[in-house]
Amino acid sequence: DIYKEKEDRTALANNVKANVFLSIHANSYRGRGVHGPETFFLSDRASDDDARRLAAIENDTMEFKGPTGGDSDLEMLLWDMAQTRHLRESSVLAEMIQSNLNLLGGITDRGIKQAPFVVLKGANMPAVLVEVGFLSNPDEERLLADAAYRQRVADMLFQSLNRYRQRHASLIGGGSSR
């Protein structure tokens, strides 16, 4: 476990030719009553105000402008094509993850959202960011501090990735996945 800058995380996944990119986080909010997991995939615009706020926090309030910020129309078009290549599959993976996390019991489904997360930018594979709960909520903070609960969350994430891998393999007629 080593720290990598947000921008370098997808580069690492690209270099090892990963089949998916999964970024796991614990959320926080100014209101202590907000709770539940939510799953995000990349978009240049946030799907709602909460997604926009969270992306700004996660991105350290860096503005999301594409490859280098002041790019030509052609560079932006090429960047957009590269980012959207895996958009549908990211959406499918997000749905599998969110539906599995909702099986944990007593969980509020915060849904699947899109936002301009720097940590997802540049992934050359389906990529999602999962907020497994809210540390600002005392009940979820207790759950997330419990090793058995974290294992249940990890198991749900593993099941989601395995189900996604099986779906992918059946679509291409077999093959191996990493």
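Our structure's up above, just so we're on the same page.
Here goes a summary of the coordinates provided. (Residues numbered from 1 in each chain as written. Predicted model: local features only at pLDDT ≥ 70, side-chain atom pairs only at ≥ 80, totals over all residues. Heavy atoms only, no water.)

**Section: empty space enclosed by the protein**
Where empty space is left can be seen by rolling a probe of water-molecule size over the atoms. Following the criterion strictly, the structure yields two cavities of 30 Å³ or more and no others. Looking at the second largest cavity, its volume works out to about 30 Å³. Around the second largest cavity, the lining residues are Lys 6, Arg 9, His 25, Glu 58, Asn 59, Phe 117, Val 119 and Leu 129. (1 Å grid on protein atoms, 1.4 Å probe; cavity = no way out; pocket = protein on both sides within 12 Å on 5 of 7 lines; lining within 4 Å. Points joined across faces, edges and corners; volume = space filled by probe spheres on them.)

**Quick notes on helix H4 (residues 87-101)**
The end-to-end C-alpha distance of H4 is 21 Å, a good match for the 21 Å that 15 residues give at a rise of 1.5 Å each. Those residues of H4 that fall on the buried side of the exposure criterion are Glu 89, Ser 90, Val 92, Leu 93, Ala 94, Met 96, Ile 97, Gln 98, Asn 100 and Leu 101. On its buried face, H4 is in contact with strand S1 (21-27), strand S2 (38-42), strand S3 (112-115), strand S4 (127-134) and helix H6 (147-172). (Helix = DSSP H or I, 4+ residues; strand = E, 2+ residues; numbered from the N terminus. Expected span 1.5 Å × (residues − 1). Buried < 20%, exposed > 50% of the residue type's maximum accessible area, 1.4 Å probe, protein only. Contact = heavy atoms within 4.5 Å.)

**Looking at the pattern of salt bridges**
Per the counting criterion, the structure on display carries five salt bridges. Its salt-bridge partner being Arg 110, residue Glu 38 comes within 3.1 Å of it at the nearest N-O pair. Of this pair, Glu 38 sits in strand S2 while Arg 110 sits in the loop between H4 and S3, placing them 72 residues apart in sequence. For the salt bridge of Arg 167 with Glu 89, the shortest nitrogen-to-oxygen distance reads 2.8 Å. Taken together, the residues span a long stretch of sequence, with Arg 167 in helix H6 and Glu 89 in helix H4 at a distance of 78 residues. (Salt bridge = Lys/Arg side-chain N within 4 Å of Asp/Glu carboxyl O.)

**So, H6**
With 26 residues, H6 extends 37 Å between its outermost C-alpha atoms, agreeing within 8% with the 38 Å of an ideal straight helix rising 1.5 Å per residue. For H6, the full list of buried residues reads Tyr 149, Val 153, Met 156, Leu 157, Ser 160, Tyr 164 and Ala 169. Its buried side turned inward, H6 meets S1, H4, S4 and helix H5 (138-145). Where H6 terminates, the next one or two residues include Gly 173, which has phi positive at roughly 80°.

**Some details on the sheet that holds S4**
Pairing is mixed across the open sheet formed by four strands, whose spatial order is S1-S4-S2-S3. Both outer strands of the open sheet, S1 and S3, are each paired with one neighbouring strand and no more. Pairwise comparison of adjacent strand axes, ignoring direction, gives a mean angle of 30° for this sheet. Sheet strands touched by H5: S1 and S4. Its angle to S4, the strand with the most contacts, is close to 110°. (Pairing = 2+ DSSP bridges. Axes fitted to C-alpha atoms, helices over the stretch in contact; angles between N-to-C directions.)

**Considerations on the environment of Arg 167**
Arg 167 sits 75 residues away from Val 92 along the chain, and the two C-alpha atoms are 10.0 Å apart. The contacts of Arg 167, once residues within four sequence positions are left out, are Arg 88, Glu 89, Val 92 and Met 96.

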